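Overview (structure and organization)
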Amino acid sequence: MGAFEEDIAQIQEFMDGDRFSAVTRVYSARQVAEQRGTVPQDYTVARDAAAAFYDLLREKFSRGASITSFGPYSPGQAVQMKRAGIEGIYLGGWATSAKGSTDEDPGPDLASYPLSQVPDEAAGLVRGLLTADKNQRFARARMTEAERAATPEVDFRPFIIADADTGHGGDAHVRNLIRRFVEAGVPGYHIEDQKPGAKKCGHQGGKVLVPSDEQIKRLVAARFQLDIMGVGGIIVARTDAEAANLLDSAGDERDQPFILGVTKTSVPSYKAAFLAIIRHLHSKGVEELNGHLIYAVSDDEYAHADAWLASSGVAAAADEAAAAYLKGEAGTSEDVLDHVGDRFLAAWQADAGLKTLGQAVADQIAFRSDEESAPDISVEEWNAFASRASWWDIRAKARSLGVDVVWDAELAQTPEGYYQIQGGIPYAIAKSLAAAPYADLLWMETKTADLADAKEFADAIHEVFPDQMLAYNLSPSFNWDTTGMSDEEMRNFPIELGKMGFVFNFMTYGGHQIDGLAAEEFTTALREDGMLALARLQRKFRLLESPYRTPQTLVGGPRADAALMSVSGQTSTTKAMGEGSTQSQHLVQTEVPPKTLAGWLDEWAAYNKVDKTLTVRLRPHTAGTDLLELAIVGDGDEKLANIVFNTIQDRRGRQILSVRDQNTFDTSLRRKRLMTLLHLFLIHRYKVDAIHYLTPTEDNHGAAASMKNRGIFSTTQDEVGDIIVADIDTAFVAKLVAPDSPEREALITTSGQN
């Protein structure tokens with residue numbers, strides 16, 4: 001057993017490491033070792049990614065910074081996220097449900113898919129990222145030192161947090177699910193506190209929570225499996241308590257302050273009254289409503305419920321609705337039940353006096369505050385105590401204060417036996433505080449995006465656990481334009497979250513919506529413009545210098561050819577790449593490249609003795625806009641000058657450059673014809689016939705006059721609508737843009753305005 005004891009010692013050392021200083025375990029290193037076999041198994045990808053990802057999140061937390069991410073819909077989207085500098089990736093069950101699989105129909109987020117489906121989806125993302133890493137290494141190995149220095153290396157490690165839903169069952173299901181994630185190479189997983197089988201998307205109704213101890217057992221089971229596999233995986237504990245209204249069991253004391261009960265016990269139970277409505281509607285001819293047949297409520301209990309329905313006016317409302325339904329005036333049977341059910345709920349809650357046990361005692365304290373024998377405690381002091389106290393403690397303290405209340409939570413139970421609860425941020429805080437010692441990050445699912453709510457949650461957590469990292473769902477389910485935020489507030493929302501300790505913030509099914517929007521736009525363009533739609537797409541790829549411009553290289557064609565040549569001793573004549581590949585067509589420079597302007601700027605910088613490094617950048621001005629920006633960037637990504645523009649065609653087919661803004665930010669570069677060179681490049685690249693300046697400012701008038709004097713513009717004039725219109729002297733521009741142009745040299749070396 002020497003090897004077994006050594007394994008225990010190694011596991012203990014792993015569990016005692018700084019990484020887990022804030023983690024509570026309820027099992028021993030020996031119990032972990034007992035679950036391992038004698039044949040070593042290693043999970044390098046998940047283990048290394050988990051360690052590095054955790055350190056990155058910790059570093060973000062220390063700086064009040066965060067990762068803003070989304071859930072990709074394909075491996076290609078995941079790879080592009082990494083290329084764009086998004087350090088962490090989210091993988092949600094919503095998008096997995098919506099996509100379906102070879103075995104599962106697409107559907108809503110009810111976690112009704114097999115336990116293996118999200119791990120299988122994750123495996124595709126991990127494989128895509130690892131392949132991109134291999135392709136990158138191959139390409140960099142064949143670059144010169146200068147090319148490598150000019151080409152930033154992308155970190156393709158699979159920093160993924162994936163949706164483990166409710167764990168899909170008990171501890172064995174949780175451990176099986178985590179095992180599959182680790183084997184796929186996934187380092188992070190979130191587990192929520194909803195009931196399996198009744199699970200809903202966090203932004204749907206009807207959510208049923210499990211007791212806090214059950215959620216803790218899920219988190220412990222996940223950590224136990226990770227320890228068995230020797231992986232320091234990142235566990236995120238999610239709670240849906242902010243918007244939930246039902247609880248599976250009342251057994252955990254931490255949930256009891258939020259369970260609702262009846263204070264007027266003369267009312268029928270919620271279950272009996274609700275089933276009595278269905279039975280009543282059925283008897284009135286709404287035959288599709290027959291769920292009461294499933295249950296075994298006694299005739300006497302139904303009689304009590306029927307009497308209350310009659311006295312409350314709910315029965316009369318049901319009769320009216322049933323009559324309208326039979327006349328075809330009330331929609332579906334579900335509509336009838338919803339209508340009558342709303343009336344029932346309002347009446348029953350009012351008659352039942354529904355509230356928590358703590359609130360029931362607080363009402364008695366307030367009621368007796370003027371009596372000589374008033375309880376020796378204020379309502380505020382009582383509420384502070386009761387907000388975290390069990391039923392036993394609440395009743396014991398109430399007795400000591402001479403307060404006795406009638407209160408029954410079982411009368412409020414639903415037909416399924418669920419307890420009704422008072423959801424909200426306080427309950428979410430209590431749930432998260434209970435889970436904190438067993439998780440690495442905490443996540444409160446919310447009904448909308450609200451920084452004040454986020455701060456309330458973060459402050460309460462950090463009061464008890466100052467170093468606790470948090471996560472936030474920047475959900476596409478929210479209508480962000482109804483949040484009351486300005487564009488600037490939306491832009492800064494993730495930044496503000498980072499300051500509060502929310503280190504991982506994500507759009508759950510962002511990739512699903514990107515996929516839909518791209519397909520909508522392209523299919524519409526294809527129907528309207530034929531192959532011009534594809535040409536426009538390819539132009540955008542070239543503009544962005546996207547790897548999708550060269551699709552065969554993107555998917556690893558050169559690396560595959562290299563392997564072919566390696567195994568054939570360089571004798572193979574069947575390489576896929578080279579002139580035989582249609583990809584070579586995409587290497588043809590169909591537009592004037594930015595390097596043309598870079599060459600002109602080398603001449604310009606030499607003449608003007610500018611010792612800054614000048615880089616030309618041509619990109620969309622902001623993401624998702626048709627506006628473009630030509631920028632000159634210096635060291636440290638400092639923007640030295642720019643032109644914001646787009647191109648349009650008039651009714652005669654003339655190409656027009658529409659200039660929205662132009663700036664020389666570095667004042668030392670002004671009056672040296674830098675802006676003239678930028679204009680000349682844009683005229684050359686886009687074969688421009690005219691330029692429109694949309695703001696006829698003094699600077700724009702001066703620039704237009706200056707370029708007319710140099711012969712670039714043939715005419716300039718102000719037109720209605722506050723636009724300066726300048727026509728291009730195309731013959732003279734052709735001389736200026738020619739290789740080794742003496743006219744361009746003269747332009748650069750002639751003193752005067754920009």
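The structure reproduced in this document is the subject of the present report.

What counts, and where the lines are drawn
- Residues numbered from 1 in each chain as written.
- Predicted model: local features only at pLDDT ≥ 70, side-chain atom pairs only at ≥ 80, totals over all residues.
- Heavy atoms only, no water.
- Buried < 20%, exposed > 50% of the residue type's maximum accessible area, 1.4 Å probe, protein only.
- Helix = DSSP H or I, 4+ residues; strand = E, 2+ residues; numbered from the N terminus.
- Pairing = 2+ DSSP bridges.
- Axes fitted to C-alpha atoms, helices over the stretch in contact; angles between N-to-C directions.
- 1 Å grid on protein atoms, 1.4 Å probe; cavity = no way out; pocket = protein on both sides within 12 Å on 5 of 7 lines; lining within 4 Å.
- Points joined across faces, edges and corners; volume = space filled by probe spheres on them.
- Nonpolar A, V, L, I, M, F, W, Y, C, P; charged D, E, K, R; others polar.
- Patch = residues over 30% accessible without salt bridge, like charges linked within 9 Å, V, L, I, M, F, W, Y side chains within 5 Å.
- Areas by Shrake-Rupley, 256 points an atom, 1.4 Å probe, with all protein chains shown as cover.
- Salt bridge = Lys/Arg side-chain N within 4 Å of Asp/Glu carboxyl O.
- Lys, Arg positive; Asp, Glu negative; His and termini not counted.
- Charge placed at Lys NZ, Arg CZ, Asp CG, Glu CD.
- Left-handed = near helix turned anticlockwise from the far one by under 90°.
- Contact = heavy atoms within 4.5 Å.
- Phe/Tyr/Trp six-rings, centres within 6.5 Å; stacked < 30°, edge-to-face > 60°.
- Lys NZ or Arg CZ within 6 Å of the ring centre and 35° of its normal.

Re the pairing of strand S6 (residues 234-239)
- Burial of S6 is extensive: six of the six residues sit out of reach of the surface.
- Side chains Ile-234, Val-236 and Arg-238 project from S6 onto one buried face, and the interleaved Ile-235, Ala-237 and Thr-239 project onto a second face that is buried too.
- Where strand S4 (residues 188-192) lies against S6, five bridges are found, and the strand directions are parallel. Across the sheet, Glu-192 pairs through a bridge with Arg-238, a residue of S6.

Quick look at the sheet that holds S4
- One open sheet accounts for eight strands, arranged S1-S13-S12-S11-S6-S4-S3-S2; its pairing is parallel. Each of the sheet's edge strands pairs with one partner strand only, and the pair in question is strand S1 (67-70) and strand S2 (89-91). If you compare each strand with its neighbour and ignore which way they point, the axes differ by 25° on average.

Comments concerning empty space enclosed by the protein
- Applying the stated criterion across every chain, the model contains three cavities of 30 Å³ or more.
- Residues that form the lining of the second largest cavity fall into these classes: five nonpolar, four polar and three charged.

Digging into a negative patch on the surface
- Residues Glu-287, Glu-288, Glu-334, Asp-335, Asp-338 and Asp-342 make up a contiguous surface patch of negative charge.
- Position of Asp-335 among the secondary structure elements: in helix H13 (residues 333-352).

Re the sheet that holds strand S5 (residues 208-209)
- Strand order in the open sheet formed by three strands is S5-S7-S10, and the pairing between neighbours is mixed. The outermost strands of the open sheet, each flanked by one partner alone, are S5 and strand S10 (419-420).
- The pairing of strand S7 (residues 246-247) with S10 spans two bridges and is antiparallel. Among the inter-strand pairings, Leu-247 is bridged to a residue of S10, identified as Tyr-419.

With respect to the packing of helix H17 (residues 425-435) against helix H18 (residues 451-464)
- At a closest axis distance of 10 Å, the pairing of H17 and H18 adopts a crossing angle of 35°. In terms of crossing hand, the pair formed by H17 and H18 is right-handed. Only Asp-453, Glu-456, Phe-457, Ala-460, Ile-461 and Val-464 of H18 make contact with H17, whose side of the interface consists of Ile-425, Ala-428, Ile-429, Ser-432 and Leu-433.
- Grouping the constituent residues of the contact of H17 with H18 by class yields eight nonpolar, one polar and two charged.

Overview of the packing of aromatic side chains
- Enumeration over the complete set of coordinates arrives at 22 aromatic pairs.
- The rings of Phe-53, Tyr-90, Phe-159, Trp-443, Phe-504 and Phe-506 are connected pair by pair, giving a single aromatic cluster.
- Its end group placed over the ring of Phe-20, Arg-25 keeps NZ or CZ at 4.4 Å from the ring centre.
- Over the face of the ring belonging to Phe-159 we find Lys-82, whose NZ or CZ atom lies 4.4 Å from the ring centre.

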